[in-house]
Amino acid sequence: MTRRSRTPAAPLAQRDGIDPVRVRLPADPEGAWATVGEHLVGRFAGAVGAGRVAAMLGEGRFVGADGPLSGAEAYRPGMYVWFHRDFAPEVPVPFEVGVVHRDERIVIADKPHFLATTPRGRHITETAVARLRRDLGLPALQPAHRLDRLTAGLALFVVRPEDRGAYQNLFGGRRVRKEYEAVAAYDPSVALPVTVRSRIVKERGVIAAHEEAGEPNAESRVELVERRGGLGRYRLLPATGRTHQLRVHMHGLGLPILNDPVYPVVLPEPAPDDFAAPLQLLAKVLEFTDPVDGRALRFESRLRLERWPDGKTSDQ
């Protein structure tokens, strides 16, 4: 039995809570690259320009297992190279990431509105995982699931890489009870409580998900908790976790969540975030049995929706 070689540890520390990029030099049967630098220029010139790649080599930004690379090193298939990308400027999200619970295995965070859970697209350093790594001094921290960028509330992060699979399987196996709170219009003609089952489809590159005929793949229970004039406070209990599921189901009931920039109307993209008008959707409760020690755990968000503040003036 052949033992797979172990990938060496990154010689570069995280920057702003983000791991360095790791590339492995591919096989070169035709001898296309005499040096490491030739390969790196050919590989990344299309993205950042040949001049920028050369400048990064000159600055020692590309690093091998034995230290910075000049680019003149002989090409070796299978060699690992690490570097940090140049991050585009990001608009800071002016809200803190709260910590509801922390132990040796998990962190339960209160993610604010507008902050992505993980790096993606235009949001890299302004993400919950990057901030928590920096703030808590936990460079190996990883999310066990993803909470939409516009949704606030509870998200579970795993401290040690070896534990991540166990907690991810809780969500993949639907063994986590999740409770959300939303503020939307009150309509006496909508009979509640109701369990909504439908087929939701989210296409790559399309902002809005949509419902279509077919076998249901999404289920949500919607309950009216209380009303104030023309507004209602709703408890949402998803049994599945499709992208935008609760927003789609509330829209389908004729009760779109307040300040939703996608349902019922998709606002022009890319639009700057209006920090004064957050989506009125909060991941309020996470409840599960710890897969490592069998503890029954329940966590509740300390945030409040600003349109239903309960004596507070904002959701922070």
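See above for the structure.
Scoring rules and cut-offs
Within each chain, residue numbers correspond to sequence positions counted from 1 in written order. Residue-level local features of this predicted model are given only where pLDDT is at least 70; pairs of side-chain atoms are given and counted only at 80 or more, and the full residue set underlies all totals for whole chains, interfaces and linings. Hydrogens and water are ignored here; the side-chain numbers use all heavy atoms of the structure. Numbering goes from the N terminus for both helices and strands, where a helix is a DSSP run of H or I of at least four residues and a strand is a run of E of at least two. Each residue gets one of three labels from its accessible area relative to the maximum for its type: buried under 20%, exposed over 50%, partly exposed in between, using a 1.4 Å probe on protein chains only. For the area figures, the Shrake-Rupley method with a 1.4 Å probe applies, and any residue is considered shielded solely by the protein chains shown. The positive count covers Lys and Arg only, the negative count covers Asp and Glu only, and His and the chain ends enter neither. Charged groups are reduced to one reference atom each: NZ for lysine, CZ for arginine, CG for aspartic acid, CD for glutamic acid. What counts as a salt bridge is simple: a side-chain nitrogen of Lys or Arg found within 4 Å of a carboxyl oxygen of Asp or Glu. The directions considered for the arc run from the helix axis to the C-beta atoms. For this analysis, residues touch if any pair of their heavy atoms sits within 4.5 Å. Both cavities and pockets are sets of points on a 1 Å grid over the protein atoms alone; in a cavity a 1.4 Å probe fits but cannot get out, in a pocket the set is open with protein on both sides within 12 Å along at least five of seven lines, and lining residues sit with an atom within 4 Å of a point. Grid points are joined across faces, edges and corners, and a volume is the space filled by probe spheres set on the points. Residues are grouped as follows: nonpolar covers Ala, Val, Leu, Ile, Met, Phe, Trp, Tyr, Cys and Pro; charged covers Asp, Glu, Lys and Arg; every other residue, Gly included, is treated as polar. Any two strands with at least two DSSP bridges between them are considered paired. Only the six-membered ring of Trp is used, alongside the rings of Phe and Tyr, when aromatic pairs are assigned; centres must lie within 6.5 Å, and planes under 30 degrees apart are stacked while those over 60 apart are edge-to-face, with the rest tilted.

**Some details on the overall build of the chain**
Tallying secondary structure elements over the chain gives five helices and 15 strands in all. Dimensions along the principal axes, computed over C-alpha positions, put the chain at roughly 75 × 45 × 45 Å. Looking at the chain as a whole, 45% of its 316 residues are labelled buried. Accessible surface, the chain: about 16,400 Å² in total, of which carbon and sulfur atoms supply 50%. Between the centroid of the 45 positive side chains of the chain and the centroid of its 40 negative side chains there is a distance of 3 Å.

**Looking at the pattern of salt bridges**
A full pass over the atoms with the stated rule returns 29 salt bridges. For Asp163, the salt bridge is made with Arg160, and the minimal N-O distance between the two is 2.9 Å. On the basis of relative accessibility, which here comes to 31%, the residue Arg160 falls in the partly exposed class. Between Arg295 and Asp290 there is a salt bridge; the shortest N-O distance is 3.6 Å. For Arg295, a relative accessible area of 31% puts it in the partly exposed group. Overall, Asp290 belongs to the buried group, its relative accessible area being 2%.

**Things to note about helix H2 (residues 50-58)**
Listed as buried for H2 are Val53, Met56 and Leu57. The buried residues of H2 all sit within an arc of 100° when viewed along its axis, so they share a single face. Summarising the geometry of H2, the exposed residues directed more than 90 degrees from the buried face are Gly51 and Gly58. Of the surrounding elements, those touching the buried residues of H2 are helix H1 (36-48) and strand E4 (80-83). Gly60 sits one or two positions beyond H2 and adopts a positive phi of about 75°.

**Side note on the layout of surface pockets**
Approximately 590 Å³ is the volume attributed to the second largest pocket. Considering the residues around the second largest pocket, the lining is formed by 22 residues, among which Arg146, Lys178, Thr240, Gly241 and Arg242 are closest to the centre. Secondary structure elements with two or more residues in the lining of the second largest pocket: helix H4 (161-172), strand E9 (177-185) and helix H5 (245-252). With three residues, H5 is the largest single contributor of residues to the lining of the second largest pocket. By residue class, the composition of the lining of the second largest pocket is eight nonpolar, eight polar and six charged.

**Notes on the pairing of E9**
Along E9, seven of the nine residues are buried, which leaves the element largely enclosed by surrounding structure. Bridge count between E9 and strand E13 (residues 231-238): six bridges; the pairing is antiparallel. Within the sheet, the bridge partner assigned to Glu181 lies in E13 and is Arg235.

**Some words on helix H3 (residues 128-136)**
With seven of its nine residues buried, H3 lies for the most part within the structure. Within the span of H3, buried status applies to Ala128, Val129, Ala130, Arg131, Leu132, Arg133 and Leu136. Tucked inside the fold, the buried residues of H3 contact strand E5 (98-102), strand E6 (106-111), strand E7 (142-143) and strand E8 (152-158). Just downstream of H3, Gly137 is the residue with a positive phi angle, here 65°.

**So, the side chain of His244**
Locating His244 in the fold gives a position in the loop between E13 and H5. According to the relative accessible area criterion, His244 is buried, its value standing at 13%. Beyond its immediate chain neighbours, meaning those up to four positions away, His244 contacts Asp148, Lys202, Ile207, Ala209 and Tyr263.

**Quick notes on the packing of aromatic side chains**
In this structure the tally under the stated criterion is eight aromatic pairs. Geometrically, the ring pair formed by Phe95 and Phe275 is edge-to-face, given 6.1 Å between the ring centres and 90° between the ring planes. Here Phe95, found in the loop between E4 and E5, pairs with Phe275, found in the loop between H5 and strand E14 (281-289); they are 180 residues apart in sequence, far enough to count as distant. Classification of Phe95 as buried rests on a relative accessible area of 16%. A relative accessible area of 24% means that Phe275 is categorised as partly exposed. Ring centres 6.2 Å apart and planes at 45° place the aromatic pair Phe288 and Phe299 in the tilted group. Taken as a pair, Phe288 in strand E14 and Phe299 in strand E15 (residues 296-300) lie far apart in primary sequence, eleven residues in all.

**Re empty space enclosed by the protein**
For the structure shown, the criterion picks out one cavity of 30 Å³ or more. Residue lining of the largest cavity: His145, Leu147, Leu154, Lys178, Glu179, Tyr180, Ala283, Lys284, Val285 and Leu286, and that is the complete set. Looking at the lining of the largest cavity, the element that brings in the most residues is E14, giving four residues. Residues belonging to the lining of the largest cavity are distributed by class as follows: six nonpolar, one polar and three charged.

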